[in-house]
Amino acid sequence: MSVNAHPAPRLAARRLAACLLLLPTLAGAQVSSEHCVPPGRWAAPGEATATPIAEQALLRELASMQAVLLGERHDSAEHHRWQLQTLAALHALRPQLAIGMEMFPRRLQPVLDRWVAGSLSEAEFLKQAEWDRIWRYDPQLYLPLLHFARMNRVPLLALNVERSLVRRVGAEGWQAVPPAEREGVGDPTRPSPDYVSWLRDSFDAHRRDAEPEREARFERFVESQLVWDRAMAEAIAVRARAADAPLVVGIVGAGHLVNGYGVPHQLRALGLERVRHLQPWDPAPCDGLVPGYADALFGLDAMAALAPPPQATLGVLLSETEGGVRIDRVLEGSVAAAAALRPGDWIRALAGREVKSVLEVSARVRRQPPGSWLPMAVERRGRTRLVLAKFPPES
């Protein structure tokens, strides 16, 4: 379980002690709590308020930092547009830039290097980066950022570790993992009590364990989040402390940054003091906002509040075994039902490409355009047949 994709800013904000924000502000009254941060404007979070910040002064200060962390909700296209805009502005002020991305474990650094060097096509990059297995969010959300790096030959940094390590820590605890199997990650710095409280809110919302097992599971959950935070902080710190270091801009889930609890806290422990963390602000009032929620907020317009378009679905329940991907249930009125798929069918290939995992099937179906046909090779009772699944047009 991760808290990085869907932070609870208001709940988190209530638990934060105030911290200083040394940025110039515009003259005038504070922003109305009805809108909090106007679209296209920067603001500093205060106690249930947000105070406008002069954009150019802010950008100049950010360009002088060791690291700037840009939060996101992973499935929000508007958040990624804001990240791209901010990257471009910082690159104009400080061309010596490196972009760290949570989406990639460290072992994929050579793939990122080949992409930036221009030696991989999009399709080759996504395949070698194991996108559908590791990250799974629509790659169209991230490709503009990746193309920006490639176009300007800005180095990309793989910040993460394998999810298997995070899951193992959540199941066994950090000390149970031998040092040789920690992917080079050092011992995380202890979290603040406020971060522990914030993580408990997230844990309680997802788990219903009985005592005393519940507390043991929660302790391991906290450790797993700290390992995640520490791994990304270490990767950023190594690059930011190198000789002739660039400005490292981190593309990171908002939950790892909010209130300075996660990655910023670990960076400070690693000796990086010139760090700023920024967050996009979807249209909303300032209820519960406090100083330190972020060093600066950028107001998004109503587009950010719109629900993303529904993703294509087959309407099946799948299971994965050594034999492949099996359909266990077909939902009534679904695309799969219209294609006459049945429980017990094995999905062998989609659009001519072999599939061996549920993740491969779900990723391929998710990218299917409205109103299109998807050829499926399906095995039934030992015989393979071609099935055409038709997805409904956009309403």
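Every value quoted in this text rests on a predicted model; they were computed, and no experiment measured them.

## Some points on the overall build of the chain
Then step 1. A count of helices and strands for the chain gives 13 helices and 14 strands.
Then step 2. Per-residue burial for the chain yields a buried fraction of 50% across its 395 residues.
Then step 3. In the chain, 67% of the contacts between residues at least 6 apart in sequence involve partners at least 24 apart.
Then step 4. As presented, the chain carries roughly 18400 Å² of accessible surface, and 53% of it is formed by carbon and sulfur atoms.

## A short note on the environment of Ala48
Then step 1. The residue Ala48 is located in the loop between β1 (42-45) and β2 (50-53) in this model.
Then step 2. By relative accessible area, Ala48 is classed as partly exposed at 33%.

## Re helix α13 (residues 358-366)
Then step 1. Buried residues of α13: Val361, Ala363, Val365 and Arg366, and no others.
Then step 2. Elements in contact with the buried residues of α13: α6 (131-134), β9 (316-321), β10 (324-330), β11 (346-350) and β13 (373-380).

## Section: a nonpolar patch on the surface
Then step 1. A cluster of nonpolar side chains, namely Trp373, Leu386 and Leu388, defines an oily patch on the protein surface of about 360 Å² accessible area.
Then step 2. With respect to the helices and strands, Trp373 occurs in strand β13.

## Examining helix α8 (residues 163-172)
Then step 1. Leu165, Val166 and Val169 are the residues of α8 that are buried. Projected down its long axis, α8 carries its buried residues within an arc of 100°, all on one side. In this structure, α8 carries Arg167 and Ala171 as exposed residues pointing more than 90 degrees from its buried face.
Then step 2. The elements touched by buried residues of α8 are α10 (213-240).
Then step 3. Taken from the residues just after α8, Gly173 is the one with a positive phi, measuring 100°.

## Concerning the pairing of β2
Then step 1. Where burial is concerned, the two faces of β2 agree: the one with Ala50 and Pro52 and the one with Thr51 and Ile53 are both buried.
Then step 2. Where β1 lies against β2, four bridges are found, and the strand directions are antiparallel. Bridge pairing in β2 places Ala43 opposite Pro52.
Then step 3. If you look at the hairpin formed by β1 and β2, you'll find four residues sitting between the two strands, and Ala48 has a positive phi there, around 60°.

## Section: the sheet that holds strand β6 (residues 247-251)
Then step 1. With mixed pairing, eight strands are arranged side by side in an open sheet as β2-β1-β8-β7-β3-β6-β4-β5. Only two strands of the sheet have a single neighbouring strand rather than two, namely β2 and β5 (156-160). Averaged over all adjacent pairs, the angle separating strand axes in this sheet is 30°, with direction ignored.
Then step 2. Two elements, strand β4 (residues 97-105) and β6, share five bridges in a ladder whose sense is parallel. The residue bridging Leu97 from the neighbouring strand is Leu247, located in β6.
Then step 3. In the packing of α10 onto the sheet, the strands contacted are β3 (67-70), β4, β5 and β6, and the crossing angle to β5 comes to about 150°.

## Quick word on the packing of aromatic side chains
Then step 1. Taken as a whole, this structure holds 15 aromatic pairs when the rule is applied.
Then step 2. When the centroid spacing of 6.3 Å and the interplanar angle of 85° are considered together, the rings of Trp135 and Tyr142 count as edge-to-face. Considered together, Trp135 and Tyr142 belong to a single accessibility category, that of buried residues.
Then step 3. Measuring from ring centre to ring centre gives 6.3 Å for Trp198 and Tyr261, while their planes differ by 50°; the resulting arrangement is tilted. Of this pair, Trp198 sits in helix α9 (residues 193-206) while Tyr261 sits in the loop between β6 and α11 (263-269), and the two are 63 residues apart along the sequence. Judged on exposure class, the residue Trp198 and its partner Tyr261 are both buried.
Then step 4. Ring pairing ties together the aromatic residues Phe104, Trp115, Phe125, Trp131, Trp135, Tyr137 and Tyr142, which thus form one cluster.

Criteria and thresholds
Residues numbered from 1 in each chain as written. Predicted model: local features only at pLDDT ≥ 70, side-chain atom pairs only at ≥ 80, totals over all residues. Heavy atoms only, no water. Helix = DSSP H or I, 4+ residues; strand = E, 2+ residues; numbered from the N terminus. Buried < 20%, exposed > 50% of the residue type's maximum accessible area, 1.4 Å probe, protein only. Contact = heavy atoms within 4.5 Å. Areas by Shrake-Rupley, 256 points an atom, 1.4 Å probe, with all protein chains shown as cover. Patch = residues over 30% accessible without salt bridge, like charges linked within 9 Å, V, L, I, M, F, W, Y side chains within 5 Å. Salt bridge = Lys/Arg side-chain N within 4 Å of Asp/Glu carboxyl O. Arc of directions from axis to C-beta. Pairing = 2+ DSSP bridges. Axes fitted to C-alpha atoms, helices over the stretch in contact; angles between N-to-C directions. Phe/Tyr/Trp six-rings, centres within 6.5 Å; stacked < 30°, edge-to-face > 60°.

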